[in-house]
Protein chains: 2
Amino acid sequence: MSVFTSYDFQMMSRAISLAKRGIYTTSPNPNVGCVIAHGDTIVGEGYHAKAGEPHAEVHALRMAGEQAKGATAYVTLEPCSHYGRTPPCAEGLIKAGIRRVVCAMKDPNPQVAGRGITMLSHAGVEVAVGLLEAESRALNPAFLKRMETGRPLVQLKLAASLDGQTALANGASQWITSQQARQDVQHYRAQACAILSTSQTVIADNASLNVRWHDLPESVQAQYPQDQVRQPARVILDRQHHLTAQLNLYQQSGAVFTVSEHDADICVGLDEHHQLSLKALFDSLANQQQLNHIWVEAGATLARSLLQHQLVDELIVYLAPKIMGSDGRGLLGALGLIEMHQVMEFDIKDIRQVGPDIRVILIPKPINE
Amino acid sequence: MSVFTSYDFQMMSRAISLAKRGIYTTSPNPNVGCVIAHGDTIVGEGYHAKAGEPHAEVHALRMAGEQAKGATAYVTLEPCSHYGRTPPCAEGLIKAGIRRVVCAMKDPNPQVAGRGITMLSHAGVEVAVGLLEAESRALNPAFLKRMETGRPLVQLKLAASLDGQTALANGASQWITSQQARQDVQHYRAQACAILSTSQTVIADNASLNVRWHDLPESVQAQYPQDQVRQPARVILDRQHHLTAQLNLYQQSGAVFTVSEHDADICVGLDEHHQLSLKALFDSLANQQQLNHIWVEAGATLARSLLQHQLVDELIVYLAPKIMGSDGRGLLGALGLIEMHQVMEFDIKDIRQVGPDIRVILIPKPINE
């Protein structure tokens, strides 16, 4: 059990703050921050900004230079031990003469998984692990889920009136929710590795499904300059090959992956209901495409299927304070339930007002079979 | 323009706190608190507890006794000037030798409406009005609405799943919302002068529609002893005379008023849709029955009609974090809307979690015709 001083806490808090600066851009890498302190002076600091660019430790070591000798490095995640797009950070810390490394948590990435810590210890560096671990885990929920389960974190977005309608009977739906709610959606898109939808939804709205910098909240724009915008990949279920190159979807920067049984960017088999297997798709997105975090914007059919297959980590529902009548189009469509114990149940994670609307974040409970 | 000291503010705040003790019991009278201070000493205080019992000023004067001479009385509402069930308080204050009266607000009751203040002034008592007026108005929203408009304050309660369903297709609905939400409903019932429902709802559930002290939140029980419970009147639309004496409704204390075109406790005519006129009913409830505050618990048909007639002051919706499917029974039923500008819109007054559920308080916006 390591003993940490209040100075250690301060330095790790600082490293966590630094890590957050990469929140929109590090995908598929984790957000990591690093502070190097010599005595009671910060001599270096850095964060990971973008895959392919230097890790947090490299920025901090560069800034510290000769002052790294005998210093303590605070890192929000175990330093890496493998040669990827950059040399291992554990080696860099050793070479720079760092005396002590404090990590908030081990890296569950099977390519690291304690080997960074071992490498440091073997070189005689004092290593302590577990300082502000919960706070550091919260930096990377999607990365950690992928590393720990082989599946991406899935957030499903729905929007409806207070009486659960997503459109009038004739399909009219512009606009149920407010501009502020739609800006909030932009903020979620900007954090995702990919946006999942269907060709039906894409074609109906000729949707771009991209991040529009001008629509991001000002507080986000301030820390995320327009020229740095990373567009999430668009993953579109298109079993019948309806997507065409003329659609707005293809007029934007950022990758588009079509999904079908064959002749698609991602080919997946069918599930027990003869639909494209969403489990197989998510396995592929996590393991082949290295996508940590999927944001789903689609219609009732895909939403229902995701929830029924228990593939949703968080349901984000925007409710407009409006009543449209039950002859409109329902949130998930008909479910054919006959007993109350069959209804889908959720725990509330967060409720708040977004502009004139309500946003509820829900965690699905296990389904009663 | 009166000038108030910080001591005046303190004393009126105290009077407002005292007034709140009557919140469950004063109907149809307003909540009123009174503090009598001599120099910097409180010599008397009181609040109005129940119609027919002494007013706040009487309690405070009794407690002050001889020390009322030359003292200042702080009252949250203008002292009354008329002989009702009790003699006028203005007269009592004069006789006791009160030197100065500070009222938070004039009483809009046409039987008072400034005459209490005039009576005091004519007797040589110094009178100041308007201290903490907004806070004092907030003690009596329903009483003030009735006095100022001749209509009661109407709160409509609805409960549904997150997708706006009030029951499955076969009618199963026990329980959509949690025990905590149902306790919250008890708290609202306890504050109402009357509960409005329909014979259909009453018969379907054999509902008592009463206040069950054991189901009130503990914080309410602590200030509202079981033997003091005032049962709101039950006002039941029963056009076809379906109610029978065997129903639970009639096995409880508290008045029941049936409503129909004829042969009922309250007879009202029909509206333009050949339904019982809700406007006429509310006029009668306010002016004949002196009911300030109506809490509505009913099905989709009455709820829809109240909203469409713009007779709802507040809509209180309990949303359970559940999805039941759009083949269930919708919040207001079908509305037949064809354009988005026709949807009913609301402003959000409050959102909060109640146990595992969400409670939203909404204020209807004027309907676009």
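Residues numbered from 1 in each chain as written. Chains lettered and ligands numbered in written order. Predicted model: local features only at pLDDT ≥ 70, side-chain atom pairs only at ≥ 80, totals over all residues. Heavy atoms only, no water.

- As annotated in an unreviewed UniProt entry, chain A carries the name Riboflavin biosynthesis protein RibD and is attributed to Vibrio palustris.
- A UniProt comment under Function (unreviewed entry) is attached to chain A, and it reads "Converts 2,5-diamino-6-(ribosylamino)-4(3h)-pyrimidinone 5'-phosphate into 5-amino-6-(ribosylamino)-2,4(1h,3h)-pyrimidinedione 5'-phosphate." (UniProt positions renumbered as here; feature names shortened; annotations may be inferred.)

**Some details on helix α2 (residues 56-64) of chain B**
Residues and elements named next belong to chain B.
- Listing the buried residues of α2 in full gives A56, E57, A60, L61 and A64. Axial view of α2: buried residues confined to an arc of 125 degrees, hence all on one face.
- Close packing links the buried residues of α2 with β1 (33-38), β2 (41-47), β3 (72-75) and α3 (89-95). (Buried < 20%, exposed > 50% of the residue type's maximum accessible area, 1.4 Å probe, protein only. Helix = DSSP H or I, 4+ residues; strand = E, 2+ residues; numbered from the N terminus. Arc of directions from axis to C-beta. Contact = heavy atoms within 4.5 Å.)

**Points about the environment of L362(B)**
- Within the element layout of this structure, L362(B) appears in strand β17 (residues 357-364).
- L362(B) sits in the buried class, given a relative accessible area of 0%.
- In the structure, L362(B) is positioned 49 residues away from D313(B) in sequence and 8.6 Å away in space, judged by C-alpha atoms.
- The contact partners of L362(B), leaving out residues within four places of it in the chain, are L162(A), P321(A), D313(B), E314(B), L315(B), V317(B), F346(B), D347(B), I348(B) and K349(B).

**What about unusual backbone geometry?**
All names here are of chain A.
- Put simply, Q174 and W175 share a cis peptide bond, and its omega is -10 degrees.
- Checked against the element boundaries, W175 lands in the loop between β7 (165-167) and α7 (179-191).
- The backbone phi angle of D263 is positive, close to 55 degrees, even though this residue is not glycine.
- Residue D263 is classed as exposed on the basis of its relative accessible area, which comes to 65%.
- In this structure, H274 takes a positive phi of about 65 degrees despite not being glycine.
- When you line up the elements, H274 lands in the loop between β11 (266-267) and α10 (278-287).
- On the accessibility criterion, H274 (56% relative accessible area) is exposed.

**What about the domain arrangement of chain A?**
Residue and element names in this part refer to chain A.
- Annotation of chain A at the domain level lists domain 1 (6-139) and domain 2 (143-364).
- Contact residues are listed per partner, giving 16 residues for domain 1 and 16 residues for domain 2.
- Counting each side, the surface lost to burial between domain 1 and domain 2 is near 1,400 Å², with a carbon and sulfur contribution of 60%.
- Our enumeration of links across domain 1 and domain 2 arrives at one salt bridge.
- R137 serves as the salt-bridge partner of E148, at 3.0 Å between the closest nitrogen and oxygen.
- Counting the contacts that link domain 1 with domain 2 gives four residue pairs in polar contact (both at pLDDT 80 or more).
- Here the side of domain 1 that touches domain 2 is built from residues that sort into eight nonpolar, four polar and four charged. (Domains from an automatic or database assignment. Buried area = accessible area lost by both parts, 1.4 Å probe. Salt bridge = Lys/Arg side-chain N within 4 Å of Asp/Glu carboxyl O. Polar contact = N/O pair within 3.5 Å; in protein donor to acceptor, adjacent residues only side chain to side chain. Nonpolar A, V, L, I, M, F, W, Y, C, P; charged D, E, K, R; others polar.)

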